[in-house]
Amino acid sequence: QVQLVESGGGLVQAGGSLRLSCAASGLTFSTYAMGWFRQAPGKEREFVAAIGWSGGSTYYADSVKGRFTISRDNAKNTVYLQMNSLKPEDTAVYYCAAGGRPTSSNDTYGAWGQGTQVTVSS
């Protein structure tokens with residue numbers, strides 16, 4: 001049974017930083033692309049970042065490019081999202097997902113975590 005468990009969310013002031021982690025189990029982690037998505041209240045889930053199975057390819061939404069960094073540690077079965085220069089509009093529930101390719105499409109990912117709340121105060 002595949003499990004993805006996010007952690008590291010919380011409340012932070014604008015301009016601050018947070019590091020999200022997603023621990024995976026029940027899958028051969030090193031063969032999966034991983035993605036981060038987020039959903040703000042009243043909005044649809046949106047793509048944030050994705051990383052290929054080896055970590056050699058990364059992709060970002062324009063809204064977070066230059067501020068967020070996705071990385072992975074295949075020895076620890078964990079993917080990370082380092083978030084710097086946070087803005088109030090980054091407030092959302094953040095989800096990690098596992099799939100076959102590092103794309104921005106929800107449909108590419110077959111396994112999802114339960115999410116972790118990130119709140120950025122102004």
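Every chain begins its residue count from 1, and numbering advances along the sequence as written. pLDDT decides what is reported in this predicted model: residues at 70 or higher carry local features, side-chain atom pairs at 80 or more are listed and counted, and totals for whole chains, interfaces and linings draw on all residues regardless. Here the side-chain values reflect all heavy atoms present in the structure, with hydrogen atoms and water set aside.

### Some details on the side chain of threonine 108
Selection rule: What counts as a helix is a DSSP run of H or I of at least four residues, what counts as a strand is a run of E of at least two, and both are numbered from the N terminus. Only heavy atoms enter the contact rule, under which two residues are in contact if any of them lie within 4.5 Å.
Tracing the chain through its elements places threonine 108 in the loop between strand 9 (92-99) and strand 10 (109-112). The residues touching threonine 108, leaving out its near neighbours within four places in the chain, are Gly99, Gly100, Arg101 and Thr103.

### A closer look at the pattern of salt bridges
Opposite charge on two side chains permits pairing when their charged atoms draw close. What counts here: By salt bridge we mean one thing: a side-chain nitrogen of Lys or Arg within 4 Å of a carboxyl oxygen of Asp or Glu. Classification of residues uses two cut-offs on accessible area relative to the type maximum, computed with a 1.4 Å probe and protein chains only: under 20% is buried, over 50% is exposed, and between them is partly exposed.
Taken as a whole, this structure holds four salt bridges when the rule is applied. Here lysine 65 and aspartate 62 are joined by a salt bridge, their closest N and O atoms 3.2 Å apart. Given the relative accessible area of 67%, aspartate 62 is considered exposed. Residues aspartate 90 and arginine 67 are paired through a salt bridge, measuring 2.7 Å at the closest nitrogen-oxygen approach. Note that aspartate 90 is positioned in the loop between strand 8 (78-83) and strand 9 and arginine 67 in the loop between strand 6 (58-60) and strand 7 (68-73), a separation of 23 residues in sequence. Of the two residues, aspartate 90 and arginine 67, both sit in the buried class. Bridged by salt links that share partners, the residues Arg38, Glu46, Arg67 and Asp90 form one connected network.

### Some points on the nonpolar core
Inclusion rule: In this description, a nonpolar core means a group of buried Ala, Val, Leu, Ile, Met, Phe, Trp, Tyr and Cys residues linked to one another through side-chain atoms lying within 4.5 Å.
In this structure, Trp36, Leu81, Met83 and Tyr94 are the most contacted members of the largest nonpolar core, which totals 34 residues. When contributions to this core are tallied by element, the ones reaching two or more residues are strand 3 (18-25), strand 4 (33-39), strand 5 (46-51), strand 7, strand 8, strand 9, strand 10 and strand 11 (116-121).

Function-wise, these values are silent; they only describe arrangement.
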